[in-house]
Amino acid sequence: MNPEFRRLRRRQIARSLEPFLAAETARPPRGWIRAIREASGLKLREVAERIGGPPSLAAYMERSEAEYRITLGKLRQVGEALGCELVYALVPRQGSIHSLAEERAKAEARESVRAVEHTMALEDQAVGDVEAKIEEQTQRILKKQ
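Here the structure is a predicted model, which means the values were calculated and not measured. (Residues numbered from 1 in each chain as written. Predicted model: local features only at pLDDT ≥ 70, side-chain atom pairs only at ≥ 80, totals over all residues. Heavy atoms only, no water.)

Along its length, the protein carries 7 helices and 0 strands. Secondary structure elements in the protein, listed N-terminal to C-terminal, are α-α-α-α-α-α-α. For 145 residues, the compact-globule formula gives about 15 Å, and the C-alpha radius of gyration of the protein, at 24 Å, lies well above that figure. Counting only residues that meet the buried cut, the protein has 24% of its 145 residues in that class. Taking all contacts inside the protein whose residues are at least 6 apart in sequence as the whole, residues at least 24 apart take part in 62%. Carbon and sulfur atoms make up 54% of the accessible area of the protein, which amounts to about 10200 Å² in all. (Helix = DSSP H or I, 4+ residues; strand = E, 2+ residues; numbered from the N terminus. Rg over C-alpha atoms; globule rule 2.2 N^0.38 Å. Buried < 20%, exposed > 50% of the residue type's maximum accessible area, 1.4 Å probe, protein only. Contact = heavy atoms within 4.5 Å. Areas by Shrake-Rupley, 256 points an atom, 1.4 Å probe, with all protein chains shown as cover.)

Below you can see the structure in the form of structure tokens.
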């Protein structure tokens, strides 16, 4: 992938993820479907009617979501039945999309610099200051991305 395109894509993703990074909301223990259904006063039977299936299907969807087994399609379907919009994102645990790219580049740099340093040490030509070399190599990798 073209490095300039990759940098542009990273900036676009970072902007798209901003609202999600600010939202530190934990999923309810028994899942969003059940929490929203109960909070809105709907019965399983009513949800089932809205999705066009038996109450057992609505109960199955609640259990599936609570156990992290529901598909996105089914989650979207039951969300619509509850009058909700499915919002989906993968959010970096720490930092940003930029820090993820930097971590990967640093790992790659660390591996290559240490391999070279090891070879040089075997030939009694070690340069030293490995951390500075890793940082330089990280910056080179990031420029290529």
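Let us look at the packing of aromatic side chains. Taken as a whole, this structure holds 0 aromatic pairs when the rule is applied. A cation over an aromatic ring shows up here: Arg27 above the ring of Tyr68, its NZ or CZ 4.1 Å from the ring centre. (Phe/Tyr/Trp six-rings, centres within 6.5 Å; stacked < 30°, edge-to-face > 60°. Lys NZ or Arg CZ within 6 Å of the ring centre and 35° of its normal.)

Glancing now at a nonpolar patch on the surface. Taken together, the side chains of Leu72, Tyr88 and Leu90 make up a nonpolar region of the molecular surface, amounting to roughly 360 Å² of accessible area. Within the secondary structure layout, Leu90 lies in the loop between helix 5 (72–81) and helix 6 (97–122). For Leu90, a relative accessible area of 68% translates into the label exposed. (Patch = residues over 30% accessible without salt bridge, like charges linked within 9 Å, V, L, I, M, F, W, Y side chains within 5 Å. Salt bridge = Lys/Arg side-chain N within 4 Å of Asp/Glu carboxyl O.)

On the surface, Lys133, Arg140, Lys143 and Lys144 cluster together into a positively charged patch. Inspection of the secondary structure puts Lys144 in helix 7 (residues 130–144). (Lys, Arg positive; Asp, Glu negative; His and termini not counted. Charge placed at Lys NZ, Arg CZ, Asp CG, Glu CD.)

For the rest of this paragraph, the subject is the environment of Ile70. Mapped onto the elements of the fold, Ile70 is located in the loop between helix 4 (55–66) and helix 5. In this structure, the C-alpha to C-alpha distance between Ile70 and Tyr60, residues 10 residues apart in sequence, is 9.2 Å. Not counting residues up to four positions away in its chain, the partners in contact with Ile70 are Ile33, Met61, Ser64, Glu65 and Leu75.

The next point concerns unusual backbone geometry. We note that Tyr68 has phi near 60 degrees; this positive angle belongs to a residue other than glycine. On the secondary structure map, Tyr68 appears in the loop between helix 4 and helix 5.

So, on to the nonpolar core. Grouped together as the largest cluster of nonpolar side chains are 11 residues: Ile33, Leu42, Val47, Ala48, Ile51, Ala58, Met61, Leu75, Val78, Ala81 and Leu82. Put simply, the parts of the chain that give this core at least two residues each are helix 3 (44–51), helix 4 and helix 5. Once you skip the residues sitting within four places of it in the chain, Ala58 turns out to touch Leu44, Val47, Ala48 and Ile51. Formed by 6 residues, the second largest nonpolar core is a distinct cluster that contains Ala109, Val113, Ile134 and Leu142. (Core = buried A, V, L, I, M, F, W, Y, C linked by side-chain atoms within 4.5 Å.)

Attention now goes to the packing of helix 2 (residues 32–40) against helix 4. Here helix 2 crosses helix 4 at 130 degrees, and the two axes come no closer than 7 Å. It follows that helix 2 is oblique to helix 4 by the angle criterion. Residue-level inspection shows Trp32, Ile33, Arg34 and Arg37 of helix 2 in contact with helix 4, the latter providing Met61, Glu62 and Glu65. For the contact of helix 2 with helix 4, the class distribution of residues is 3 nonpolar, no polar and 4 charged. (Axes fitted to C-alpha atoms, helices over the stretch in contact; angles between N-to-C directions. Parallel < 35°, antiparallel > 145°, perpendicular 65-115°, else oblique. Nonpolar A, V, L, I, M, F, W, Y, C, P; charged D, E, K, R; others polar.)

Glancing now at the environment of Ala58. Following the sequence through the fold, Ala58 ends up in helix 4. With relative accessibility at 2%, the residue Ala58 sits in the buried group. Once the C-alpha coordinates of Ala58 and Arg34 are considered, the two residues, 24 residues apart in sequence, prove to be 9.6 Å apart.

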